[in-house]
Amino acid sequence: MDFQQRILGHFNASIDTKTYASEVLPPFIEVASQMMVQCLVNEGKVLACGNGGSAGDSQHFSSELLNRFERERPSLPALALTTDTSTLTSIANDYSYNDVFSKQVRALGQPGDILLAISTSGNSANVIQAIQAAHDRDMTVVALTGRDGGDMASLLGQDDCEIRVPATSTARIQEVHLLVIHCLCDLIDEQLFGTSE
Ligand SMILES: O=C(CO)[C@@H](O)[C@H](O)[C@H](O)[C@H](O)COP(=O)(O)O
Ligand SMILES: [Zn+2]
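Numbering of residues starts from 1 in every chain and runs along the sequence as written. Starting at A for chains and at 1 for ligands, labels are handed out in the order in which the entities are written. Local features in this predicted model are restricted to residues of pLDDT 70 or higher, and side-chain atom pairs are both shown and tallied only at a pLDDT of 80 or more, whereas totals for entire chains, interfaces and linings draw on every residue. The side-chain quantities take in all heavy atoms of the structure and omit both hydrogens and water.

Undergrad: Could you clarify how one ought to interpret the overall build of the protein chain in this entry?
TA: For the purposes of this entry, the term helix denotes a DSSP run of H or I that reaches at least four residues, the term strand denotes a run of E that reaches at least two, and both are numbered from the N terminus. The helix and strand inventory of the protein chain stands at 8 helices and 5 strands. If you list the helices and strands of the protein chain from N to C, you get α-α-β-α-β-α-α-β-α-β-α-β-α. In terms of C-alpha radius of gyration, the protein chain reaches 17 Å, essentially the compact-globule figure of 16 Å for 197 residues. Expressed as lengths along the three principal axes of its C-alpha atoms, the size of the protein chain is roughly 50 × 45 × 30 Å. Burial here depends on accessible area, computed with a 1.4 Å probe over protein chains only, as a share of the maximum for the residue type. Under 20% is buried, over 50% is exposed, and the range in between is partly exposed. Per-residue burial over the protein chain gives 45% buried out of 197 residues. Atoms counted for the radius of gyration: C-alpha only. Globule rule: 2.2 Å times the number of residues to the power 0.38.

Undergrad: Sorry, what's going on with a nonpolar patch on the surface here?
TA: Each patch is built from residues lacking any salt bridge and having more than 30% relative accessible area; the joining distance is 9 Å for like charges and 5 Å for nonpolar side chains (Val, Leu, Ile, Met, Phe, Trp, Tyr). All accessible-area figures derive from a Shrake-Rupley calculation using a 1.4 Å probe, and residue coverage is judged against the displayed protein chains alone. Should a side-chain nitrogen of Lys or Arg be within 4 Å of a carboxyl oxygen of Asp or Glu, the pair is scored as a salt bridge. Taken together, the side chains of Met1, Phe3, Ile7, Leu8, Phe11 and Ile15 make up a nonpolar region of the molecular surface, amounting to roughly 690 Å² of accessible area. Assessed through its relative accessible area of 41%, Ile7 is described here as partly exposed.

Undergrad: What am I meant to see in the nonpolar core here?
TA: As a rule of thumb, soluble globular proteins bury nonpolar side chains together. Take the buried Ala, Val, Leu, Ile, Met, Phe, Trp, Tyr and Cys residues and link them wherever side-chain atoms come within 4.5 Å; each set so joined is a nonpolar core. Counting 32 residues, the largest nonpolar core has Met36, Phe61, Leu65, Leu116, Val142 and Ile163 as its most contacted members. Breaking this core down by element, the ones donating at least two residues are α2 (26–41), β1 (46–49), α3 (53–66), β3 (114–118), β4 (140–146), β5 (161–165) and α8 (170–193). Throughout, a residue-residue contact means that at least one pair of heavy atoms, one from each residue, lies within 4.5 Å. Leaving out residues up to four positions away in the same chain, Met36 has contacts with Val46, Phe61, Ile114, Leu116, Val142, Leu184 and Ile188. Core analysis: the next-biggest nonpolar cluster, separate from the first, contains 21 residues, Leu88, Phe101, Val105 and Met139 among them.

Undergrad: Looking at this structure, I do not really get the UniProt feature "binding site: substrate" (unreviewed entry) in the protein chain. What am I missing?
TA: UniProt's entry tags Asn51, Gly52, Gly53, Glu64, Asn93, Asp94, Ser119, Thr120, Ser121, Ser124 and Gln174 with the feature "binding site: substrate" (unreviewed entry), counted in the numbering of this structure. Of the residues just listed, which span 124 residues, the most distant C-alpha pair is 32.3 Å apart, and they do not cluster in one region. You can see Ser121 is positioned in the loop between β3 and α6 (125–136). The buried category is assigned to Ser121, whose relative accessible area is 17%. Counting through the fold element by element, Gln174 comes out in helix α8. The exposure class of Gln174 is partly exposed, given its relative accessible area of 24%. Setting aside residues no more than four positions away along its own chain, Gln174 makes contact with Gly53, Ser54, Asp57 and Thr120. UniProt positions are given in the numbering used here, feature names are shortened, and annotations may be inferred rather than shown by experiment.

Undergrad: Before we go on, may I ask you to explain the pairing of β5 in this structure?
TA: A regular strand places its side chains on the two faces of the sheet in alternate fashion. Across the 5 residues of β5, 4 count as buried, placing the element largely inside the fold. Strands are labelled as partners when DSSP assigns at least two bridges between them. Across 5 bridges, β4 lies against β5 in parallel orientation. Each residue of the ladder has a partner; that of Leu144, found in β5, is Ile163. Orient the strands so they point away from the viewer, and a crossover whose first-strand-to-second-strand path over the helix runs clockwise is right-handed. Taken together, β4, helix α7 (residues 150–155) and β5 form a β-α-β motif whose crossover is right-handed.

Undergrad: Just to check I follow, could you spell out the packing of helix α1 (residues 3–24) against α2 for this structure?
TA: Across the interface, α1 lies against α2 with an axial gap of 5 Å and an inter-helix angle of 65°. Relative to α2, the element α1 lies roughly perpendicular. Only Pro26, Pro27 and Phe28 of α2 make contact with α1, whose side of the interface consists of Ala21, Ser22, Glu23 and Val24. Residues belonging to the contact of α1 with α2 are distributed by class as follows: 5 nonpolar, 1 polar and 1 charged. Where helices are involved, their axes are fitted lines through C-alpha atoms of the stretch in contact, as for all axes, and angles between N-to-C directions lie from 0 to 180°. Every angle not falling under 35 degrees, over 145, or within 65 to 115 is termed oblique; those three ranges are roughly parallel, roughly antiparallel and roughly perpendicular. Ten residues, namely Ala, Val, Leu, Ile, Met, Phe, Trp, Tyr, Cys and Pro, are considered nonpolar, four, namely Asp, Glu, Lys and Arg, are considered charged, and the remaining ones, Gly among them, are considered polar.

Right, dumping it as structure tokens:
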């Protein structure tokens with residue numbers, strides 16, 4: 001097998017997916033950033049969740065808000081719901097893995113907060129339940145999805161924002177999700193702290 005060709009195939013597929021995504025996603029990313037800025041200005045916070053690579057994305061996003069992205073600025077309030085193993089294991093053990101995020105949303109979410117719900121398929125049951133809990137708490141939802149948006153897409157209301165990557169491969173969708181997260185961080189900083197290069 002020609003591994004060099006295989007590697008090039010991954011790079012080219014990733015580039016093509018990003019090029020196609022760049023033609024459809026920017027308006028949705030802008031809206032999502034404005035939702036987050038409004039939330040933060042009103043002293044709200046962003047809760048983030050997802051499974052596997054999307055759990056990593058949740059933590060990546062929250063650390064860039066809590067610590068910093070590319071400039072010096074005050075810490076911003078965000079929390080990944082994927083990191084507290086005692087909470088995650090006890091909820092999964094006593095109730096169901098489907099409840100691991102929703103129970104945290106019900107405890108920590110306040111009206112005006114945002115849930116960043118990340119799923120490449122849009123069909124992860126625990127993320128879907130987190131969206132339902134967020135709506136119950138009068139929160140809005142920014143959903144990063146892919147494929148056909150899955151069941152998550154049909155759950156979202158008009159105050160929510162879905163950023164759906166037009167691709168079918170989980171890996172390719174995740175690669176665009178990370179780019180979207182960096183766009184969101186940059187746009188939040190621009191809107192809150194002024195223009196930088
Ligand atoms: O990173 C990967 C695959 O690239 C995996 O860990 C992947 O995130 C997991 O299979 C997730 O459980 C997939 O969930 P979802 O994106 O469909 O919500
Ligand atoms: Zn992955």
